[in-house]
Amino acid sequence: MAVAIYPGSFDPITNGHLSIVRNGLVAFERIIIAVLNHPTKSPLLSVAERIALIEASLPNGGANIEVDTFDGLLVDYARKRGVRVVLRGLRAVADFEYELQMANVNRHLNESVETVFIMAQDAYFYVSSNVVKEAARLGGDISKLVPPVVGVKLKEVYPR
Ligand code: PNS
């Protein structure tokens, strides 16, 4: 079975992430969304909150998608799960350098794990968790950029 791990911070999940999952399911039979649990990254939302928002937003009721969490090296998590493909989304050119570096470090750490990229849909090329949080904090309308549950959550976090 063709399985890929789609890792990220997902702090919070955006419509851009969800489009990568939907498009990823064209190429893979199953996708494991792996939420990074990184104590020093000081995310806005806890791992449990991020997972709950992802699970409430999944296309097709979450068919062929698993949501999990990991800490430590991504390649170690991939080995533990017996998965050899990492899926990442690419938006504008600005993503390229960071993604190239990460893919090559991961390849250096474990050359049997390969990274595959899917181009973000043009509607979402400018959407990131950071941009969404900033806009929500300042009272902007983010309803077209995130799933409804995330909009509700960010209103709780940033009441105005
Ligand atoms: O959504 P993000 O923050 O761009 O995702 C980055 C992520 C989680 C994929 C990356 O930081 C990661 O894999 N972290 C785990 C530690 C690791 O394996 N780092 C790469 C080699 S140093």
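Conventions used here
- Residues numbered from 1 in each chain as written.
- Predicted model: local features only at pLDDT ≥ 70, side-chain atom pairs only at ≥ 80, totals over all residues.
- Heavy atoms only, no water.
- Helix = DSSP H or I, 4+ residues; strand = E, 2+ residues; numbered from the N terminus.
- Rg over C-alpha atoms; globule rule 2.2 N^0.38 Å.
- Buried < 20%, exposed > 50% of the residue type's maximum accessible area, 1.4 Å probe, protein only.
- Contact = heavy atoms within 4.5 Å.
- Areas by Shrake-Rupley, 256 points an atom, 1.4 Å probe, with all protein chains shown as cover.
- Lys, Arg positive; Asp, Glu negative; His and termini not counted.
- Charge placed at Lys NZ, Arg CZ, Asp CG, Glu CD.
- 1 Å grid on protein atoms, 1.4 Å probe; cavity = no way out; pocket = protein on both sides within 12 Å on 5 of 7 lines; lining within 4 Å.
- Points joined across faces, edges and corners; volume = space filled by probe spheres on them.
- Nonpolar A, V, L, I, M, F, W, Y, C, P; charged D, E, K, R; others polar.

### Remarks on the overall build of the protein chain
Here is step 1: Along the backbone of the protein chain there are six helices and five strands.
Here is step 2: Listed N to C, the secondary structure of the protein chain is β-α-β-α-β-α-β-α-β-α-α in terms of helices and strands.
Here is step 3: Taken over the C-alpha trace, the protein chain has a radius of gyration of 15 Å; the compact-globule value for 160 residues is 15 Å, and the two agree within 12%.
Here is step 4: Here the C-alpha coordinates of the protein chain stretch approximately 50 × 30 × 30 Å along the principal axes.
Here is step 5: Among the 160 residues that make up the protein chain, the fraction classed as buried is 47%.
Here is step 6: Long-range contacts, defined as pairs at least 24 residues apart, comprise 75% of the intrachain contacts of the protein chain with a sequence gap of at least 6.
Here is step 7: In the structure as shown, the protein chain presents an accessible area of about 8,800 Å², 55% of it carried by carbon and sulfur atoms.
Here is step 8: Charged side chains of the protein chain number 17 positive and 17 negative; the gap between the two group centres comes to 3 Å.

### Observations concerning empty space enclosed by the protein
Here is step 1: On inspection of all chains with the given rule, the structure shows one cavity of 30 Å³ or more.
Here is step 2: Volume-wise, the largest cavity comes out at about 30 Å³.
Here is step 3: Lining the largest cavity are L74, V86, R88, E99, M102, A103, N106, T115 and F117.
Here is step 4: Secondary structure elements with two or more residues in the lining of the largest cavity: β4 (85-90), α4 (94-109) and β5 (114-119).
Here is step 5: Here the lining of the largest cavity gets four residues from one element, more than from any other, and that element is α4.

### Brief notes about the layout of surface pockets
Gaps left between atoms show up when a probe the size of a water molecule is rolled over them.
Here is step 1: In this model, the largest pocket occupies a volume close to 1,000 Å³.
Here is step 2: G8, S9, K41, R88 and Y98 are the residues nearest the centre of the largest pocket, which is lined by 38 residues in total.
Here is step 3: Elements represented by at least two residues in the lining of the largest pocket include exactly β1 (3-8), α1 (15-27), β4, α4 and α5 (129-137).
Here is step 4: Around the second largest pocket, the lining residues are A136, G139, G140, D141, I142, S143, G151, L154, K155, Y158, P159 and R160.
Here is step 5: Tallying contributions element by element places helix α6 (residues 148-157) first for the lining of the second largest pocket, with three residues.
Here is step 6: By residue class, the composition of the lining of the second largest pocket is five nonpolar, four polar and three charged.

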